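Architecture and fold: a report
One-letter residues, chain by chain:
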Amino acid sequence: MKKPRRLDALIVGAGFAGLYMLHKLRQDGFTTQVVEKGSGVGGTWFWNRYPGARCDIPSIEYSYSFDAELEAEWRWSERYAAQPEILRYLEHVAERFDLRRDIALQTLVTSARWQEEEGRWLVETDGGDAYDVQFLILATGALSEPKQPDIPGLENFEGQVLHSAMWDDSADLAGKNVCHFGTGSTGIQVVGEVAKVAKRLTVFQRTPNFAVPAGNHPLPQDYLEDLLPRYPELRERARTSPLGWFHGAWEGSAKADDPEAREKRLEKAWKAGTTGLLQAYEDLLFDEESNSYAADFARRKIAELVDDPETARKLTPHGYPMGSRRLCTEVNFYEAMNRDNVALVDVREEPVVDVTARSVKAEKGEYPADVIILATGFDACVGAIKAIDIRGRDGRSIRDEWDNGPRAYLGLAVEGFPNMFTITGPGSPSVLSNVVVSIEQHVEWVARCTAHMRSAGQQVIEATAEAETAWMEHAHEVAHSTLFPRASSWYQGHTKDGRQVFMPYVGGVGAYRAKCDEVAAKGYEGFLMESSTTMRTKDAVAS
Ligand code: NA7
């Protein structure tokens, strides 16, 4: 280990969260470094470069709001930008705010140890670098630790295996036999594109998901001129809304409308694109009967869009409320399912039994494969944090503790792990919101907190166990007032004895922001702080 570099803060990750956090702390005069395992900035948008990768929130909303000049100079080409454009945007942000000089790329944080006597973190990387920092800020992303699926015999495969979150840019799928696993948001995007070039594409699906056409389109040349005067008000609306979007749900209950009016409204919402359908009525995520009208509507659409009734049957979701699993955005997915070179295998009806050197064998058939694509998701909300060997007070390991279900106060801080902040951590709106809005809110809250600590002469901040427990109980209660827990989904974590922990906070972005602001205004209620003086006194006593 090299001699540790002494800084105020270390930020792990150079995606939307890490870049803004660096900018903010630097503005406040803190010495700060970002470490990033990728060879470029961009986080999620650096890694997820598979064909068809695209945002499912309109880009004019899924972008930073902290700088009016940035807003005025960046022009999106499409309603939902594709990955290369979002990556260019983040690279632009890194250049524009001169962030790169404090970002170490291709550097993986391997461990972080709380140094009790100093009240600081000692952080080590795979390259042997070390950092001695007051604050450790985990901007590691909620969907960044890829999950490897359990597919029997996969190790025997002699062709190329591509994971959607670690895509090989040089991969050429033209004229190839491709076997594809996973039909979540990612898989649905991949299939729409790969179907156009593959010789034969076999899609292995486990749980069918609801998918709504994106309604993507190029943005008019002059859209920005029209948007700019309204931007501040729209951004403010997003900050105080339930999901971090400009527009909230349409008023009323699906139960209250007569069938004709309901059909008309659902049709309009369907045409509005993905974010529309769940917003068609305000009670769709709360009331089972209302939800069933929208879900049945979406099921009828699948039957209309997919030619082969047997394929349509397999693609039709059942057994969980629409939206309780992530609602997917589709571009060409159902169209791909109508192509002659595409086949769908439902692995619940026809399990995969083996993978050979050049094929995937299922119970009822063998499917040729030159390439296998895994769009099999992430160890959501916790994976990237657990990947680091983090030891808090008394050597406590976050990996071990979160194996019993994640816990955090406001999704921001963890008892036993002082001076560590988790941006969009479990217990915050994170993946159930426009995450850029949630990231900005967390970054600004953390910056306000660190600035407060410096001016108040405080060295250490730590969430109390009581505040953390109370928050987790509240988050659980709110989740259970909705339909979200009715589905098995990656939103759920589990304790060792099998209890569910619903990881994102569903109480709404606006309400959550108000709570965080209140905590700060009340002198960081639910946190304990120690001043540098107390620490020095303790040191003196100890020696
Ligand atoms: P998801 O939504 O977790 O999807 C992963 C998919 O992979 C899902 O359909 C899984 O089925 C499927 N899967 C996992 N293992 C297997 C096996 N062994 N066989 C067949 N299918 C399998 O991840 P995404 O990357 O699509 O999306 C995550 C988020 O990233 C997304 O919401 C956006 O916010 C960005 P399952 O559902 O577990 O039955």
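Coordinates for the structure precede this section.
Please read these numbers as outputs of a predicted model, since none were measured by experiment.

1. Overview of the site of the ligand
The immediate surroundings of the ligand are formed by 18 residues, with Thr-183, Thr-186, Arg-206, Thr-207 and Arg-325 found nearest. The contact in question runs from an oxygen atom of the ligand to an N or O atom on the side chain of Thr-207, over 2.5 Å. Between the ligand and Trp-490, the relevant distance is 3.1 Å, taken from an oxygen atom to a side-chain nitrogen or oxygen of the residue. Look at the ligand: alone it shows 790 Å² of surface, and the protein chains cover 83% of it. Across the shell around the ligand, the residue classes break down as seven nonpolar, eight polar and three charged.

2. Some words on the nonpolar core
Membership of the largest hydrophobic core comes to 130 residues, with the highest contact counts inside it found for Phe-16, Tyr-64, Trp-121, Ile-390 and Trp-445. Counting residues per element, this core draws most heavily on helix 15 (residues 435-455), at nine residues. If you look at the next biggest cluster of nonpolar residues, it comprises 29 residues, including Leu-162, Val-178, Ala-336 and Val-371.

3. Topic: the sheet that holds strand 13 (residues 352-355)
Here three strands make up an open sheet; going across it, the order is 13-14-15 and the pairing antiparallel. Bordering the open sheet on either side are strand 13 and strand 15 (365-368), each of which pairs with just one other strand. Ignoring which end each strand starts from, the neighbouring axes of this sheet average 20 degrees apart. The pairing of strand 13 with strand 14 (residues 359-362) spans three bridges and is antiparallel.

4. Concerning the sheet that holds strand 16 (residues 371-374)
The strand order across the open sheet built from five strands is 7-16-8-9-12, with neighbouring strands paired in parallel fashion. With one partner strand each, in any of the chains shown, strand 7 (160-163) and strand 12 (342-346) form the two edges of the open sheet. Ignoring strand direction, the axes of neighbouring strands in this sheet form an average angle of 20 degrees. Pairing geometry for strand 8 (residues 177-181) and strand 9 (residues 200-205), over five bridges, is parallel. Each residue of the ladder has a partner; that of Val-178, found in strand 9, is Leu-201.

5. Thoughts on the layout of surface pockets
In this approach the atoms are scanned with a rolling probe the size of a water molecule, which exposes any empty space left behind. By volume, the second largest pocket amounts to about 520 Å³. Lining the second largest pocket are 22 residues, and of these Pro-58, Glu-61, Arg-79, His-247 and Thr-275 lie nearest its centre. Looking at the lining of the second largest pocket, the elements with two or more residues in it are helix 6 (223-227) and helix 9 (274-277). Among the elements that make up the lining of the second largest pocket, the one with the highest residue count is helix 6 (three residues). Classifying every residue of the lining of the second largest pocket by side-chain character gives 11 nonpolar, seven polar and four charged.

6. Examining the environment of Glu-289
If you trace the backbone, Glu-289 turns up in helix 10 (residues 288-305). We classify Glu-289 as partly exposed; its relative accessible area is 40%. Taking the C-alpha atoms as reference points, Glu-289 and Ala-254, 35 residues apart in sequence, are found 8.1 Å from one another. Here the side chain of Glu-289 touches Tyr-293 through a polar contact of 2.8 Å, side chain to side chain.

Quick notes on the rules
- Residues numbered from 1 in each chain as written.
- Predicted model: local features only at pLDDT ≥ 70, side-chain atom pairs only at ≥ 80, totals over all residues.
- Heavy atoms only, no water.
- Near = heavy atom within 4 Å.
- Polar contact = N/O pair within 3.5 Å; in protein donor to acceptor, adjacent residues only side chain to side chain.
- Areas by Shrake-Rupley, 256 points an atom, 1.4 Å probe, with all protein chains shown as cover.
- Nonpolar A, V, L, I, M, F, W, Y, C, P; charged D, E, K, R; others polar.
- Core = buried A, V, L, I, M, F, W, Y, C linked by side-chain atoms within 4.5 Å.
- Buried < 20%, exposed > 50% of the residue type's maximum accessible area, 1.4 Å probe, protein only.
- Helix = DSSP H or I, 4+ residues; strand = E, 2+ residues; numbered from the N terminus.
- Pairing = 2+ DSSP bridges.
- Axes fitted to C-alpha atoms, helices over the stretch in contact; angles between N-to-C directions.
- 1 Å grid on protein atoms, 1.4 Å probe; cavity = no way out; pocket = protein on both sides within 12 Å on 5 of 7 lines; lining within 4 Å.
- Points joined across faces, edges and corners; volume = space filled by probe spheres on them.

Shape is all these values report; function is a separate question.
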